[in-house]
Amino acid sequence: MAKLKDIAERVGVSISTVSRAISNDASRPVSEDTKQKIRQAALDLGYKLPESSQRVHDNGIADKRVVCVVPQNLMDDHPYFSTVLAGFHKKMEELGQPPAIVRTCEEVADADKIRLMLRETGAQGIVAVSWYDKELFELIQQAGVAIMGVSLNDERLTVPVVDCDRISSARAAVSHLIDQGHTRIAYIGGPAYSKQMESEERYVGYKFAMLEANLEVREEWLMNTGWNVDRSFSKLSELLGGLPKEQWPTAVFCASDMLAIPAMRAVVENQGRIPEDIAIVGMDNIDVAQYTTPPLSSVSVPKYEIGRVAAKSIVDYLDGHFKVATKILLPCSLIVRESSSFTRTYI
């Protein structure tokens, strides 16, 4: 099944341009020539184009105008969010809904841009993928537009959210390390939308497991990378390089595989062995996790299903099936590989 990304690559334009052309978005108009190229590429690739007028389906549900807002750096080949978005778009198609209009959060970065986007798109619902701005969310809600978050990981959010259970998953991953005999467990992660790492759900799960086992949470072993992969490498390298090996943490839980992979490199470059000197567990189970050396233990997150559930939920939400903020958390599973265990088992 062709995706917006495939059409964008065929024509040589951005995904947001493809989205605007296919959905006949009137804002930032796409030239007629480009629009025709996009539509022809969509037909060539087997992408189902929407009908131009709003329809009312047999079940009485009308087409919904949904805008999907995504940070620019997550738009294309991000190993986590590209799968979430693929699930979202596929479910919207299955529901007979027109493709969501895709915008980057940079394109709606202030109140004026939000108002312009709402006016020009006629948006009924906003799906915020890993994007949160308290003031702008309030502005959107005041305009009577529904908001649903996807992969928003802050316990204090009050909008409907579809995500995985990050607290329980992180707790299970750290408990696995504890069961392997580790007591000196470091943490590599980043902040929540509050800008504080302490309120981020994976950190909460890590701390929960540590305190539950009466283990010390050492401040110098808590590495806030700001979700930057280079900092994961540099911060762990700095920690290990400043200590004799016998004083190293014996395990590290990383809040994403994207942070775990550079952390593995840091261990090796400091003459450490994985898992003999330091065991490592990541989160998300991106495709490349099974091909690292050694293969990376990781929490498997149902990324595609998160996207599908988000699409179904925003359509139901707009149809009035539920009115209050709710949180839909999908279960995860821990995949144990050689980076944290000498024997491979699957949980």
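Sequence positions are assigned chain by chain, starting from 1 and proceeding in written order. Confidence filtering applies because this is a predicted model: local features only for residues at pLDDT of at least 70, side-chain atom pairs given and counted only at 80 or more, and all residues used for totals across whole chains, interfaces and linings. Values shown for side chains rest on all heavy atoms present in the structure; no hydrogens or waters enter the calculation.

Okay, the nonpolar core next. F88, Y206, F253 and I306 are the most contacted members of the largest nonpolar core, which totals 48 residues. Each helix is a run of H or I in the DSSP string that is no shorter than four residues. Each strand is a run of E no shorter than two, and both are numbered from the N terminus. The dominant element in this core, judged by the number of residues it contributes, is helix α11 (residues 303–318), at 7 residues. Counting residues in each nonpolar core, the second largest holds 22 residues, with M117, A128, W131 and V159 among its members. Put simply, a nonpolar core is a bunch of buried Ala, Val, Leu, Ile, Met, Phe, Trp, Tyr and Cys residues held in one set by side-chain atoms that sit within 4.5 Å of each other. Remark: exposure states derive from per-residue accessible area (1.4 Å probe, protein chains only) relative to the maximum for the residue type, with buried under 20%, exposed over 50%, and partly exposed in between.

Each Phe, Tyr or Trp ring (for Trp, its six-membered ring) is paired with any other whose centre lies within 6.5 Å, and the angle between the two planes then decides the class: stacked below 30 degrees, edge-to-face above 60, tilted in between. This model, assessed by the stated rule, comprises 7 aromatic pairs. Between Y132 and F137, the ring centres sit 4.9 Å apart and the planes meet at 75°, which makes this aromatic pair edge-to-face. Overall, the relative accessible area of 25% leaves Y132 in the partly exposed class. Using a relative accessible area of 2% as the deciding quantity, one classes F137 as buried. Measuring from centroid to centroid gives 5.4 Å for Y187 and Y203, while their planes differ by 75°, and the two rings are edge-to-face. With a gap of 16 residues between them, Y187 in strand β6 (residues 185–189) and Y203 in helix α8 (residues 201–212) connect regions that are remote in the sequence. With respect to burial, Y187 and Y203 carry one shared label: buried. Among the aromatic side chains, those forming a connected cluster through ring pairs are Y187, Y203, Y206 and F253.

A two-sided burial pattern is seen for strand β8 (residues 251–254), the buried positions comprising A251 and F253 on one face and V252 and C254 on the other. Two strands pair when backbone bridges link them, and β6 and β8 are joined in this way by 4 bridges, in the parallel orientation. Note on β8: the bridge partner recorded for I185 is A251. The pairing criterion is simple: DSSP has to find at least two bridges between the two strands. Pairing analysis gives 3 bridges linking β8 to strand β9 (residues 279–284), with the strands arranged parallel. Pairing of F253 across the sheet is with V281, part of β9.

Pairing is parallel across the open sheet formed by 6 strands, whose spatial order is β2-β1-β3-β4-β5-β11. Strands with a single pairing partner mark the edges of an open sheet, and in this sheet they are β2 (101–104) and β11 (327–330). Between one strand axis and the next, the sheet turns through 20° on average, direction left out of account. When strand β5 (residues 161–164) meets β11, the two strands line up parallel, connected through 4 bridges. Across the sheet, the residue bridging to C164 is L330, located in β11. Along the sheet, helix α5 (residues 111–121) makes contact with β1 (66–70), β2 and β3 (125–129), crossing β2 at roughly 170°. Helix axes are fitted to C-alpha atoms over the stretch in contact, other axes to C-alpha atoms as well, and angles between N-to-C directions run from 0 to 180 degrees. Any two residues having at least one pair of non-hydrogen atoms within 4.5 Å are treated as being in contact.

On to the packing of helix α4 (residues 81–94) against α11. Remark: α4 packs on α11, axes separated minimally by 6 Å, with the N-to-C direction vectors making an angle of 40°. Put simply, α4 runs oblique to α11. Here α4 and α11 pass one another in a crossing that is right-handed. Contact residues: α4 offers T83, V84, A86, G87, F88, K90, K91, M92 and E94, while α11 offers K303, Y304, I306, G307, R308, A310, A311, K312, I314 and V315. Should an angle fall under 35 degrees it is called roughly parallel, over 145 degrees roughly antiparallel, and 65 to 115 degrees roughly perpendicular, with every other angle called oblique. A clockwise turn of the near helix away from the far one marks a right-handed crossing, whereas an anticlockwise turn of less than a right angle marks a left-handed crossing.

Take a side-chain nitrogen of Lys or Arg and a carboxyl oxygen of Asp or Glu: if they are within 4 Å of each other, that pair is a salt bridge. Under the defined criterion, the tally for this structure stands at 15 salt bridges. A salt bridge links E94 to K91; the nearest nitrogen and oxygen atoms lie 3.8 Å apart. Here E94 and its partner K91 are both found in helix α4, 3 residues apart, which amounts to about one turn of the helix. For E94, a relative accessible area of 43% translates into the label partly exposed. The buried category is assigned to K91, whose relative accessible area is 19%.

Positionally, S194 belongs in the loop between β6 and α8. By relative accessible area, S194 is classed as partly exposed at 22%. Considering only alpha carbons, one finds S194 and Y132, 62 residues apart in sequence, at a separation of 9.4 Å.

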